[in-house]
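Structural overview
Here is how the chains run, residue by residue.
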Amino acid sequence: MRLFNFTGTATLLMPHLAPSGLLAILPMRLMQGSAVAAVMPMIGFIAAHWAPLAEMVRLLAGNFMTMLTAGIQIAQIVTMPLSGELCVSAGWQWSYYVHGTYSICIALAFFAIFRQNKEEDRLKHYIFSDSPEQHRRVSPQELALITKNGPTSRRKGGKRPPVPYREIFSDPAVWAIWVAFFGNSFGYQMILQFMPTFLNKVLAIPIERTGFFAILPPIAQLCLKVVGGITNDKLTCVNLIHEEKKVWQELAKLRLFNTLAMVGCGFFLLPLGFQTPGSESLLPIAFFTASVASMGLITCGSIKSVTLISRQYSHFVMAIVQFVVCIGYLLVPLFVSTLAPTNSIYEWRFVFGGVCIVLICTNAVFCYWCQAEPAEWTKSIPRGDESIRELVTPAEDSTPPA
């Protein structure tokens, strides 16, 4: 929560520091980046400690992860048109003032809701509660559902097992996830960061219209993400009585939805390099919208795979995901400036073609090495530590004592 307050404050200060040059605004950008760095680990932590384990065991993670990450699209729906309108009507400074203000307000609201500790835990956990058993708004029935058959690290007094770093870094399925996220961030950041530039500088669409058109892709992505999450959880094509068939089916769904997301995004980007500058056609907007919407299905692919294979260690895997995503963020501007220095439509054909190749190749790596069942290192138990005996094994699958 403190990180998000920092980024709100940094955003408010940006207009005042911008005239002083790069060295003045660099610390503010670092503060903003520190908040972004916490997003992915937080998603993994919540999925591991707040989602009922039964949903993960029954492979219902698609819809859960869809709802958990929907705020990404909602933020874009608000930010894009608001920024365009503020820049035109009130000046670019007001875009920072408004976004910084509501960022702080949202962080304070999160703090007020999440810091609802029970009386006996307030002194021990003063800042915020990081588990459902500490939260005063979680009823006994909800707590029973969340912790039923789950890791004892969720339960009061339970220990959290140490992260098996070596096993995680040597698992090909985890590397497949990281490679997929690199491709995802490469394509998505190019669209998010350079779509207004392409529409305005290359296709000569006025800036106020680019801000309006920018809300269409996240709206479409949010809708497709919700539909995809529900479809993913309900999609069955084999007999689920046998555990091996269940895992095989889930693996097929991971590959299918990840391919629809990444390859679909790449294919919808390719026609943009052949549009006519100055044309009134809405085809560029349609292709951009379709490419961004396709990426919504990634929650049923590589993101879902994180929760399925890493379980209680999802927060660490997602922390590395954030690092990989940041690498994509850094490389995209260099990639675009190298291939399209003059912003001609001919140069942008190579940009879109290159992004498409990256998306296809990284998706191929994911599809080859991805897994849909808990990794062995999620089942390991430190010798002599009986407090984490039930880390991932659900009661209904356990054999009763003789």
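Residues numbered from 1 in each chain as written. Predicted model: local features only at pLDDT ≥ 70, side-chain atom pairs only at ≥ 80, totals over all residues. Heavy atoms only, no water.

Once that is clear, we can look at unusual backbone geometry. Unusually for a residue other than glycine, Asn 343 sits at a positive phi of about 55 degrees. Mapped onto the fold, Asn 343 is located in the loop between helix H16 (314–339) and helix H17 (345–369). Given the relative accessible area of 24%, Asn 343 is considered partly exposed. (Helix = DSSP H or I, 4+ residues; strand = E, 2+ residues; numbered from the N terminus. Buried < 20%, exposed > 50% of the residue type's maximum accessible area, 1.4 Å probe, protein only.)

Across its 16 residues, helix H2 (residues 22–37) extends 22 Å between first and last C-alpha, which sits within 8% of the 22 Å expected from 1.5 Å per residue. Residues Ile 25, Met 28, Gln 32 and Ala 35 constitute the buried set of H2. Each buried residue of H2 lies within a common arc of 60 degrees when the element is viewed along its axis, so the set occupies one face. Residues of H2 that are exposed and angled more than 90 degrees away from the buried face: Leu 22, Leu 23 and Leu 30. (Expected span 1.5 Å × (residues − 1). Arc of directions from axis to C-beta.)

With that settled, consider a nonpolar patch on the surface. Taken together, the side chains of Phe 323, Ile 327, Leu 331 and Leu 334 present a nonpolar region at the surface, about 370 Å² in accessible area. Among the structural elements, Leu 331 can be located in helix H16. (Patch = residues over 30% accessible without salt bridge, like charges linked within 9 Å, V, L, I, M, F, W, Y side chains within 5 Å. Areas by Shrake-Rupley, 256 points an atom, 1.4 Å probe, with all protein chains shown as cover. Salt bridge = Lys/Arg side-chain N within 4 Å of Asp/Glu carboxyl O.)

Okay, the pattern of salt bridges next. With the rule as written, the count across this model stands at two salt bridges. Close ionic contact of Lys 253 with Glu 250 constitutes a salt bridge, the shortest N to O distance being 3.3 Å. Placement of the pair is Lys 253 and Glu 250 together in helix H13 (residues 243–269), with a separation of three residues, close to one helical turn. The class of Glu 250 is buried, set by a relative accessible area of 1%. Among the salt bridges present, the one from Glu 250 reaches Lys 304, with a minimum N-O distance of 2.5 Å. Taken together, the residues Glu 250 in helix H13 and Lys 304 in helix H15 (residues 302–310) connect sequence positions 54 residues apart. Each of the two residues, Glu 250 as well as Lys 304, counts as buried. Each member of the salt-bridge network shares a partner with another, and the members are Glu 250, Lys 253 and Lys 304.

With that settled, consider the environment of Leu 256. Within the secondary structure layout, Leu 256 lies in helix H13. For the pair Leu 256 and Gly 301, spaced 45 residues apart in sequence, the C-alpha separation works out to 7.7 Å.

A word on the side chain of Ser 291. Mapped onto the elements, Ser 291 comes out in helix H14 (residues 283–295). The exposure class of Ser 291 is buried, given its relative accessible area of 0%. Polar side-chain contacts of Ser 291 include one of 2.7 Å to the backbone oxygen of Phe 288. Here Ser 291 is in contact with Ile 191, Cys 265, Phe 268 and Leu 269, once residues within four sequence places are set aside. (Polar contact = N/O pair within 3.5 Å; in protein donor to acceptor, adjacent residues only side chain to side chain. Contact = heavy atoms within 4.5 Å.)

What follows deals with the packing of helix H10 (residues 172–202) against H15. Relative orientation of the contacting elements H10 and H15 amounts to 155 degrees, with a least axis distance of 10 Å. Considering their axes alone, H10 and H15 lie roughly antiparallel with respect to each other. Regarding H10 and H15, the two cross each other, and that crossing is left-handed. Packed against H10, whose contacting residues are Ala 173, Val 174, Ile 177, Ala 180 and Phe 181, the element H15 presents Ser 302, Ile 303, Ser 305, Val 306 and Ile 309 at the interface. When grouped by side-chain class, the residues that make up the contact of H10 with H15 number eight nonpolar, two polar and no charged. (Axes fitted to C-alpha atoms, helices over the stretch in contact; angles between N-to-C directions. Parallel < 35°, antiparallel > 145°, perpendicular 65-115°, else oblique. Left-handed = near helix turned anticlockwise from the far one by under 90°. Nonpolar A, V, L, I, M, F, W, Y, C, P; charged D, E, K, R; others polar.)

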